[in-house]
Amino acid sequence: MSDSNVRVRFAPSPTGPLHMGGVRTALYNYLFAKKLGGKFILRLEDTDQTRFVGGAEKYIIESLKWCGISPDEGVSVGGPHEPYRQSERKPMYRAYAEELIEKGLAYYAFDTSEELDAVRERAKQAGNANFQYNHITRNSMKNSLTLPAEEVQKRLESGEPYTIRIKLPRNEEVKFEDMVRGWVSVNTANMDDKILLKADGMPTYHLANIVDDHTMEITHVIRGEEWLPSAPLHVIMYQFFGWEAPTFAHLPLLLRPDGNGKLSKRDGDRLGFPVFPLNWNNEETGETASGYRERGFFADAFINMLAFLGWNPGDNRELFTLEELVEEFSISKVSKSGARFDFEKAKWYNQQYLRKFSDAELAEMLLPVLEEKGIAAPGSNTLERIVALVKERAVFVSDIYDEGSFLFSAPTEYDEKSVSKKWKGAESVEIVNDLIARYENEEFTASNLEASFKAYLNEKGVGFGQAGPVLRIAVVGTMTGPSIFEMMEVLGKEESLNRMRKTVQDLG
RNA sequence: GGCCCGUUCGUCUAGCGGUCCAGGACAUCGCCCUUUCACGGCGAAGAUCACGGGUUCGAAUCCCGUACGGGUCACCA
């Protein structure tokens, strides 16, 4: 990894759990930085005190950790630009806003929220869909541009609440080259004088963002497309401060699988899949949401899947670990259009990763699943053999149990369909009894059991299609599953025969 | 509604002027394997490259327009 001054940041707002779109943004930032030998910084944009949600910060840190996206600097790890929480940086922002006022590039505004609401309402009724506080309307508002200097001074000294707004030029083309979108251009005539410093003394996103990115020496700003409309404002702010602007990259949005619009936090459980990396429980509100980790996803698979929602290496390869993604990632290959999320594909990724593990590793991972279900785990040797038999049909580790539950404990009921289709009363009872008698003195290996079974078929003149399902029902209660003889070998003689005897009783 | 961004199989996408009557993956369907189910293998179906004009010997690829979709218009980020 070469020396590099590339510095990127992921700057979420702790207003709730981080959703997968956010994780992807973090991931692309991380990949971009690591690929170029740069630094990945985690900053918290908590300037809105009214929307702060307890536990969100911890959730964000844990999520990134689970994903393997580790910050080089930031709230969780510290660094040379501490603090990394904007609320803790509050004192520094005002000076920057005032610097702009001194330069004549910003002004004090005394309009209250209520007054602003009223103006907007009036504009709406006059047929003007949206009121903008801009180079025209600011002349009829209460601010340091319209009020006499003495009155401004008086208001400021009296402690009257005020905001600081940027003073945008009247008609200027703002251009910047976005790494994924190319040249983007907007005229200031279509922009408004955004508030930089709020009445509570906190900076808005725009101010805090620019000041922090500059002071933290951020070189590339990689964020979601929802920020594209405010990027020109940020470009102007860099000009106003006389700072070099970072390079921007606006990522395409993650779209909902159904209907229109971007994937939102509420879509998740409604559509049957998680939108969050981890389970979320807000103890204050009782709000809960499910996460990929608890759903049984491997972090690698989750990351791999996420990386491919809007990016690909340009060839047919699809399976990449985080390290491999770092190696291959290129922001120029990020697509411009939104990606509709598909849970089926997500599961496919997990299945691919599950298969990379050995039987022993999967057995180990299955242990906690069994414990949670209250299932007594067999010895590790038996467990591994069960894993070997069932793993091809599993997408998640827990599927190994779900698909082979009858290998852990005797079935408590018989699959109705199988029984009605293949169980022929006395005839079947006879077959099972014959097999019990036969197997009692046999060595219990799959090959032996199968050979003996076939010999029985011959003697009896019965077809496999008739007796096979009967044996299967007698041992595992259903017609599906791995090879019956393999299963019997794993189950062992005593268990297998007991189950057969019980079936004769139950279905006899 | 204003502004900005986007538009290749159902979905994710490859493609950056000729190798494309468009390739891969997921999903779907069929066959084979397995005397079960799944896995796996093979194959099929599926995109007039949103539409209309240009530019060019030649366009999915460049330009313009239209349509549609999305984002954004807060003292939220």
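Residues numbered from 1 in each chain as written. Chains lettered and ligands numbered in written order. Predicted model: local features only at pLDDT ≥ 70, side-chain atom pairs only at ≥ 80, totals over all residues. Heavy atoms only, no water.

### What about the protein's contact with RNA strand B?
- If you check the shell around RNA strand B, you find 61 residues, and the closest are Arg181, Arg393, Phe464, Met479 and Gly481.
- Within 4 Å of the protein, the atoms of RNA strand B are drawn from sugar and phosphate moieties in a proportion of 72%.
- Here a base nitrogen of RNA strand B and a side-chain polar atom of Arg472 are 2.9 Å apart.
- Looking at the surface near RNA strand B, the elements that each hand over two or more residues are helix H4 (113-125), strand S5 (163-166), strand S7 (182-187), strand S14 (339-340), helix H12 (343-354) and helix H20 (464-476).
- Of the residues belonging to the surface near RNA strand B, the class tally is 18 nonpolar, 22 polar and 21 charged. (Near = heavy atom within 4 Å. Polar contact = N/O pair within 3.5 Å; in protein donor to acceptor, adjacent residues only side chain to side chain. Helix = DSSP H or I, 4+ residues; strand = E, 2+ residues; numbered from the N terminus. Nonpolar A, V, L, I, M, F, W, Y, C, P; charged D, E, K, R; others polar.)

### Digging into the packing of aromatic side chains
- If you walk through the whole model with that rule in mind, you get 31 aromatic pairs.
- A centroid spacing of 5.5 Å and a plane angle of 80° characterise the contact between Phe308 and Trp311, whose relative ring orientation is edge-to-face.
- Its relative accessible area of 2% is what places Trp311 among the buried residues.
- The class of Phe308 is buried, set by a relative accessible area of 15%.
- An aromatic cluster of three or more residues is present, and its members are Trp66, Phe273, Tyr292, Phe297, Phe302, Phe341, Phe343 and Phe396. (Phe/Tyr/Trp six-rings, centres within 6.5 Å; stacked < 30°, edge-to-face > 60°. Buried < 20%, exposed > 50% of the residue type's maximum accessible area, 1.4 Å probe, protein only.)

### Some words on the domain arrangement of chain A
- For chain A, the assigned domains read domain 1 (265-351), domain 2 (358-407) and domain 3 (416-507).
- Placing the centre of domain 2 and that of domain 3 at their C-alpha centroids yields a distance of 24 Å.
- The interface of domain 2 with domain 3 comprises eight residues on the first partner and 11 residues on the second.
- In this assembly, domain 2 packs against domain 3 so that about 850 Å² is buried in total across both faces, 70% of it on carbon and sulfur atoms.
- A salt bridge links Arg385 to Glu489; the shortest N-O distance between them is 3.0 Å.
- Taken together, the links from domain 2 to domain 3 amount to two residue pairs in polar contact (both at pLDDT 80 or more).
- It is helix H14 (residues 380-390) that provides the largest number of residues to the side of domain 2 that touches domain 3, a total of five residues.
- A breakdown of the residues in the side of domain 2 that touches domain 3 according to their chemical character gives five nonpolar, one polar and two charged. (Domains from an automatic or database assignment. Contact = heavy atoms within 4.5 Å. Buried area = accessible area lost by both parts, 1.4 Å probe. Salt bridge = Lys/Arg side-chain N within 4 Å of Asp/Glu carboxyl O.)

### Points about the side chain of Arg24
- With respect to the helices and strands, the residue Arg24 is situated in helix H1 (residues 20-35).
- Put simply, Arg24 is tucked away with no salt bridge, and the nearest opposite charge, on Glu226, sits 7.5 Å away. (Lys, Arg positive; Asp, Glu negative; His and termini not counted.)

### Some remarks on the pattern of salt bridges
- By the definition in use, this model includes 39 salt bridges.
- Here Lys142 makes a salt bridge to Glu115, at a shortest N to O gap of 2.8 Å. Here Glu115 lies in helix H4 and Lys142 lies in the loop between H4 and helix H5 (149-157), a separation of 27 residues in the sequence.
- The exposure class of Lys142 is partly exposed, given its relative accessible area of 29%.
- Classification of Glu115 as partly exposed rests on a relative accessible area of 29%.

### Concerning helix H13 (residues 359-373)
- Its 15 residues place the ends of H13 20 Å apart at the C-alpha level, agreeing with the 21 Å of an ideal helix rising 1.5 Å per residue.
- In H13, a bend of some 30° at Leu366 exceeds every other bend along the element, and Pro368, a proline, comes one to four places later.
- Every buried residue belonging to H13 is among Leu362, Ala363, Leu366, Val369 and Leu370, and all of these are buried.
- Where H13 is buried, its residues contact H12, H14, helix H15 (397-403) and helix H16 (405-408).
- In the stretch just after H13, Gly374 is the one whose phi turns positive, near 75°. (Expected span 1.5 Å × (residues − 1). Bend = angle between axes of the 7 residues up to and from the residue.)

### Side note on the pairing of S7
- As judged from the six bridges shared by strand S6 (residues 173-178) and S7, these two strands associate in the antiparallel manner. If you follow Glu177 over to S7, its bridge partner there is Trp183.
- With antiparallel pairing between neighbouring strands as the criterion, S6 and S7 make up a hairpin whose turn holds three residues. (Pairing = 2+ DSSP bridges.)

### Remarks on the environment of Gln86
- Mapped onto the fold, Gln86 is located in the loop between strand S3 (73-74) and helix H3 (90-102).
- Taking the C-alpha atoms as reference, Gln86 lies 51 Å from Ser405; in sequence the two are 319 residues apart.
- Those residues in contact with Gln86, other than ones at most four positions away along the chain, are Arg43, Leu44, Glu45, Asp46, Thr47, Tyr93, Ala208, Asn209 and Asp212.

### Here's the deal with the sheet that holds strand S4 (residues 106-109)
- Pairing is antiparallel in the open sheet, where three strands are placed in the order S4-S5-S8. In this open sheet, the two edge strands, each paired with only one partner strand, are S4 and strand S8 (195-197). Pairs of neighbouring strands in the sheet enclose a mean axial angle of 40°, with direction left out of account.
- Note that S5 and S8 share two bridges and pair antiparallel. Paired with Arg165 across the bridge in S8 is Ile195. (Axes fitted to C-alpha atoms, helices over the stretch in contact; angles between N-to-C directions.)

### With respect to the environment of Ala231
- Considering the arrangement of structural elements, one finds Ala231 in helix H7 (residues 231-241).
- Of the residues examined, Ala231 reaches a relative accessible area of 0% and is grouped as buried.
- For the pair Ala231 and Lys175, spaced 56 residues apart in the sequence, the C-alpha separation amounts to 9.7 Å.
- Setting aside its immediate chain neighbours within four residues, Ala231 contacts Phe176, Arg223 and His250.

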